[in-house]
Structures are given as C-alpha cells and as structure tokens.
Amino acid sequence: MAVILPPEATADWWRSAAIYQVYVRSFADGDGDGTGDLAGVRSKLGYLAELGVEALWFTPWYLSPLADGGYDVADYRTIDPAFGSLAEAEKLIAEALGLGIRTIVDIVPNHVSDQHAWFRAALAAEPGSPERELFHFRPGRGEHGELPPNDWPSQFAGTTWTRVPDGEWYLHLFAPEQPDLNWAHPAVRQEHEDVLRFWFERGVAGVRIDSAALLAKAPGLPDFVEGQDPHPYIDLDELHDIYRSWRTIADEYDGIFVGEVWLPDSERFARYLRPDELHTAFNFNFLSCPWDATLLRTSIEETLAEHAPVGAPATWVLCNHDVTRTVTRYGREATGFDFAAKAFGTPTDLALGTRRARAAALLSLALPGAVYLYQGEELGLPEAEIPLQRIQDPMHFRSGGSDPGRDGCRVPLPWSAEAPHYGFGSVRPPWLPQPEDWEAYAADRQEGDPSSMLSLYRTALGLRRTEPGFGDGPLRWLPAPDGALAFAREDGLMCVVNLAAQSAELPGHTGFLLVSGPLDEDGRLPQDTAVWLRA
Ligand code: GLC
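**Digging into the overall build of the protein chain**
Okay, so step 1: Helices and strands together make up the secondary structure of the protein chain, namely 14 helices and 18 strands.
Okay, so step 2: For the protein chain, the C-alpha radius of gyration of 23 Å lies close to 24 Å, the compact-globule estimate for 535 residues.
Okay, so step 3: Overall, the C-alpha framework of the protein chain stretches about 80 × 50 × 50 Å when taken along its three principal axes.
Okay, so step 4: Per-residue burial over the protein chain gives 59% buried out of 535 residues.
Okay, so step 5: Carbon and sulfur atoms make up 53% of the accessible area of the protein chain, which amounts to about 20,300 Å² in all.

**Examining the sheet that holds strand β14 (residues 476–477)**
To summarise the sheet geometry, strands pair through backbone hydrogen bonds and adopt either a parallel or an antiparallel arrangement.
Okay, so step 1: A sheet is described by the order of its strands in space; here five strands give the open sequence β14-β15-β16-β18-β17, paired in antiparallel fashion. Both outer strands of the open sheet, β14 and β17 (511–515), are each paired with one neighbouring strand and no more.
Okay, so step 2: With four bridges joining them, β17 and strand β18 (residues 529–534) adopt antiparallel strand pairing. Along β18, the bridge assignment pairs leucine 514 with tryptophan 532.
Okay, so step 3: Against the sheet, helix α11 (residues 350–366) engages β15 (484–488), β16 (493–498), β17 and β18, with an angle of about 40° to β18.
Okay, so step 4: Against the sheet, helix α14 (residues 453–466) contacts β17 and β18, and its axis sits at roughly 130° relative to β17.

**Here we look at the site of the ligand**
Okay, so step 1: As a structural note, the neighbourhood of the ligand is formed by 15 residues, with Asp68, Asp210, Glu260, His321 and Asp322 the closest of them.
Okay, so step 2: In this structure, aspartate 210 approaches the ligand through a side-chain N or O atom, which is 2.9 Å from an oxygen atom.
Okay, so step 3: Surface burial for the ligand is 95%, taken as the share of its 310 Å² of free accessible area covered by protein chains.
Okay, so step 4: Residue composition of the shell around the ligand, by class: four nonpolar, four polar and seven charged.

**Considerations on the domain arrangement of the protein chain**
Okay, so step 1: The assigned domain composition of the protein chain is domain 1 (13–109 + 185–460), domain 2 (117–171) and domain 3 (475–534).
Okay, so step 2: When domain 1 packs against domain 2, the two sides together hide about 1,600 Å² of surface, and 60% of this comes from carbon and sulfur.
Okay, so step 3: At the surface where domain 1 touches domain 2, the tally comes to one salt bridge.
Okay, so step 4: Where arginine 141 meets aspartate 223, a salt bridge forms, and the shortest distance between an N and an O atom there is 3.0 Å.
Okay, so step 5: Counting every contact that joins domain 1 to domain 2 gives eight residue pairs in polar contact (both at pLDDT 80 or more).

**Some thoughts on the sheet that holds strand β2 (residues 55–58)**
Okay, so step 1: The strand order β11-β10-β9-β5-β2-β1-β13-β12 describes an open sheet built from eight strands, whose pairing is parallel. Each edge of the open sheet carries a strand with a single partner, namely β11 (280–281) and β12 (315–317).
Okay, so step 2: Summarising the sheet, strand β10 (residues 256–259) and β11 pair through two bridges and their orientation is parallel. Counted as the bridge partner of glycine 259 is alanine 281 from β11.
Okay, so step 3: Strands in contact with helix α5 (residues 186–201) are β5 (102–107), β9 (206–209) and β10; relative to β5, the strand with the most contacts, it is inclined by about 160°.

**Overview of the side chain of histidine 240**
Okay, so step 1: Turning to its location among the elements, histidine 240 is positioned in helix α6 (residues 238–252).
Okay, so step 2: Contact partners of histidine 240, with chain neighbours within four places excluded, come to Asp235, Arg271, Tyr272, Arg274 and Glu277.

**Focus on the packing of α5 against α6**
Okay, so step 1: Packing of α5 against α6 brings their axes to within 10 Å, and their N-to-C directions diverge by 25°. In this view, α5 runs roughly parallel relative to α6, as classed from their interaxial angle. The two elements α5 and α6 cross, and the hand of that crossing is right-handed. For the pair α5 and α6, the contacting residues are Arg189, His192, Glu193, Leu196, Arg197 and Phe200 in the first and Asp241, Ile242, Ser245, Trp246, Ile249, Ala250 and Glu252 in the second.
Okay, so step 2: The residue makeup of the contact of α5 with α6, split by class, is six nonpolar, two polar and five charged.

**Details of the pattern of salt bridges**
Okay, so step 1: For the coordinates displayed, the defined rule picks out 31 salt bridges.
Okay, so step 2: With a closest N to O distance of 2.9 Å, aspartate 106 and arginine 208 form a salt bridge. Of this pair, aspartate 106 sits in strand β5 while arginine 208 sits in strand β9, and the two are 102 residues apart along the sequence.
Okay, so step 3: Note on aspartate 106: relative accessible area 0%, which makes it buried.

**Brief notes about the environment of glutamate 191**
Okay, so step 1: When you line up the elements, glutamate 191 lands in helix α5.
Okay, so step 2: For glutamate 191, a relative accessible area of 16% translates into the label buried.
Okay, so step 3: Here the alpha-carbon distance between glutamate 191 and lysine 217, two residues 26 residues apart in the chain, equals 18 Å.
Okay, so step 4: In this structure the side chain of glutamate 191 is engaged in a polar contact, spanning 2.9 Å, whose partner is the side chain of arginine 77.

**Regarding helix α9 (residues 293–307)**
Okay, so step 1: The end-to-end C-alpha distance of α9 is 21 Å, a good match for the 21 Å that 15 residues give at a rise of 1.5 Å each.
Okay, so step 2: Turning to α9, its buried residues number three or more, namely Ala293, Leu296, Ser299, Ile300, Thr303, Glu306 and His307.
Okay, so step 3: Where α9 is buried, its residues contact α7 (266–271), α8 (284–287), β12, α11, β14 and β15.
Okay, so step 4: Structurally, the start of α9 carries an N-cap: the backbone nitrogen of threonine 294 is 3.1 Å from a side-chain oxygen of aspartate 292.

Conventions adopted
- Residues numbered from 1 in each chain as written.
- Predicted model: local features only at pLDDT ≥ 70, side-chain atom pairs only at ≥ 80, totals over all residues.
- Heavy atoms only, no water.
- Helix = DSSP H or I, 4+ residues; strand = E, 2+ residues; numbered from the N terminus.
- Rg over C-alpha atoms; globule rule 2.2 N^0.38 Å.
- Buried < 20%, exposed > 50% of the residue type's maximum accessible area, 1.4 Å probe, protein only.
- Areas by Shrake-Rupley, 256 points an atom, 1.4 Å probe, with all protein chains shown as cover.
- Pairing = 2+ DSSP bridges.
- Contact = heavy atoms within 4.5 Å.
- Axes fitted to C-alpha atoms, helices over the stretch in contact; angles between N-to-C directions.
- Near = heavy atom within 4 Å.
- Polar contact = N/O pair within 3.5 Å; in protein donor to acceptor, adjacent residues only side chain to side chain.
- Nonpolar A, V, L, I, M, F, W, Y, C, P; charged D, E, K, R; others polar.
- Domains from an automatic or database assignment.
- Buried area = accessible area lost by both parts, 1.4 Å probe.
- Salt bridge = Lys/Arg side-chain N within 4 Å of Asp/Glu carboxyl O.
- Parallel < 35°, antiparallel > 145°, perpendicular 65-115°, else oblique.
- Left-handed = near helix turned anticlockwise from the far one by under 90°.
- Expected span 1.5 Å × (residues − 1).

The structure is reproduced here in structure tokens:
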C-alpha cells in the first residue's frame, strides 16, 4: 500500500504530533468475544484518520496473562491471541501508515510476566543458578529467612517481595505476577535491544518506555531511608547509559522514544531528554495540575523551561489508562496530586467537567510540542463506576479494596448508540461493563453534532495540522485578566482560556478559528471557555 504521509511529514514529526493512545482491549472488538482486538482497530482506522491524529500508541499487545492489563508481558515477539497475530499487527502498522498514521509500541523493561520463559526457568532452577540472576532473587531476613530481604513498598501497595517454595524471595515493584528484571545483567540489556530491533524492523515509528526511571536498582538492594539520595530504585544514574545505547538503535531506524518518567525534580527529568537519550517523555506535571489559572500557567512555564536547555519538545497529556478521566477530574473540587488519583464516590459535576475539558483540549492542543490523547477523550467519556464484583485491576485488590483501581477509565468504547454493547462488539458482553447511560457519548451520535466533543476534537486537530503556527515552536504570553491565560504562537495564532467567574474581554483579533463553547452576548469569553483567534 502506498504511504501517503502529509507533506509536512519529516523526521521531526514527533516534535509536534497529536498521538492517540489505543488501549486495545477496550477500543473495538472485531471478533465479538467481548475483548477489543487488532481487527477492531483496523476497522476503525478510517475514524482515526478522520479524527486527525498522526500516530497511535498501543498499550502492550503482546502475549500476556493480563494480570496487569498486558503490562505483564510473557513474550514480546507474539501478539496475544485474544488480540490477533503478528501478521495482523504488521498489516495494521502498514494500513495505518497508508493513512499517514504512525505506530508506537509499548515496551515494559522493568519487569516481565511470571509466565515469561525466563521467569519459569528461574523458578525451576536452584537458588544461585544463572537463571535466577536475570531477576532479583534473595534469601529472606529473620532467623529462618521468613522476612522480606528489604523494606521497599510496592507501587501497587503491599510488599515488593514474594517467597518461592525453596525459601528465596524475588523482587517485584508492581504485582507478584510482574517480577523485576536485573538490569545489571548483560543478557537483560541484550534481549531488550533485540526486542527494539524486532519492532523497528516491523515498521513502528516509536517506542513508549514503561516505568522508564525504575529499571536500575542500587547494588545490594539496601533498605529505603526517607530522603535518601540517590533513591535505591528511582532515577539511578545507570539508566542514562541504557538509554544512550537504545538511542543508537532508534537512530538506525529513525525511530523515537517516549518515556514514562514520573519525577518531581525537573532537572533530573530533563536529563532523560538529552540529545543522545530519549526524544520525549510524558508531562505528568500538567496532567496532575488542578483547573486553576495560576497553577496551570506555572506548570506550562516550568515544563517549557525544563525542556528548553536539552532542546526536547514538551508533551501535553490530559489523560491515560492509569488516571481518572478528564471530564470527571475537572468536575471535582480537588487540588494537588490527588487530583489525578482514583477515589470512590467523589462528588462530580459532569457538565462542569465537560465544559472545562473542552477548554483544556483547546489549551493543550495550542501549546508547543506534541500532544497525547487517550481513547474516549475525544468522546468526552467520564470515568465509569465499575460494580465491585466486576473490578479487575490489581491496584484495587492490592490496596485491600480502598482504591477503586483503574478500570473506570478502561471501559470499552461506545461506537454506536443503538447497537448492542454500543457497537463495541456484536456478540459477547464487553470484558468490563459499560454504563447504561452512554448512548449520548456514542461516536455515531456525536458525529453529526457540531456541538459535540468529537466535533470539537476533529476541528481542533484539523486546524492544528494545517496551521503551521501550532505544534513545536515559541510561545509568548499575552496580557490577560486575572484567572485567564492568553498566549500567542507563530503566524498570528492566539489562544485565550478563561477560568475566572467573570467573563473576559478578548484581545484584538481579525477572526475566530475555534471556540470551546458559546461566547457571552457581548462577545466576551465566559468562565471555563477557550478560544483560538487570529491576530
Ligand atoms: C505503568 C503503566 C501501568 C502499569 C505499570 C506497571 O505505570 O502505565 O498501567 O500498571 O506501569 O507496568
């Protein structure tokens, strides 16, 4: 199939791209078994092209027991049969490229599944064997080795150690089904370099790196001491050497990386983005920022300032498969990091959240750099309440039930209002229940409605592609009333967002490109509304 990439497609596409995250299991179900699959994605490529996204990031689609939604990989060279086959993935990559859409795959280097051949061999082997050296096996503490080797807390609550029948313990920063690899072992490095080549050879344009700052562990796995620097397993200096060697592989294929790097220290964060390391990393600071003009402006300024010295473009993310969906989050009264966290029964005003999410869409799409969109965000989906007995996320169980987990943002998409299961799949009910009142969110309901979230995203993404002033490039702040943000991009583009209760006067302009909601009768910008203007 001929590849028709747009004329502006250059090696630098990733500096400005709008990238759509596909959580395969919940995107579209081609074979009707209740689980999304590659056939489903292929059937929706037209929709994605029309939406105007330039790349797709697929969360892990490899063979996996799905103990953590696929972030427990049993074999990187096999597509999970629930999703399809390798041949089908290759077809999908080529078909998407034919529509000008690149593919990014997700690599999870910190750990593998406990069903991975390496871990099974390690369990079958003896303490001290070479098979166990690929992981972190240790004797326990205490008189009989009955206590875990150290005190590290799990990212999923609980301990990071599980004991095997011969008495040794193995380390898992996440669930017990996700044993951590030993990155000091050359075979671990070699295998991941081969996996990168495997996927670049199949035409992918980029790789997302899961938990990118956690791979290296301090020698001896010392206990964690509050305030300790360096931390025993977050952001160790050795990581940069790993990513430098990955970069040489990506460069052979013109491939790019996006790292999942959650680090509060912006200087440390930027080190991953040096010119010979990762191309980009997710900007979680912006995602976790409450809907407040001063805090948002600070977050944007800090983001741009931390990226500038290393010459890397920023990324803007409002949502992903790990956090509360945007409209629900913005409909809540909450501040600080908890803002992005999951919670049971937090009161939410969805109309308010939707208005703000529309304004936030225009804000993030106008900022310099690349932007990530999570499936369903373009439909304005809220976080779903999952009945307790249907929850699947290990985060819920490992918190002892206090955390609802992440299933509420992973519910299968509604495609058509009238079809069974909203057109997600035709036969068996979806793997997670869809709320009963989702007709209005269905893509086919929104398609012809110029006031829908889908129409807003389509128009905005279209303008973002055709207006050269958007994407990577400079940003200049403009004077704005209290509680509003205003900035100019190149080519006379301006974006104004009003978060204040009183409506805001618009700056002088020659025309409107797009508004997230109706203006006041006197042409002022109401609260929680954003506008794109031409100077
Ligand atoms: C990342 C993923 C998350 C997963 C975790 C462990 O944070 O985004 O979904 O549970 O890594 O792999």
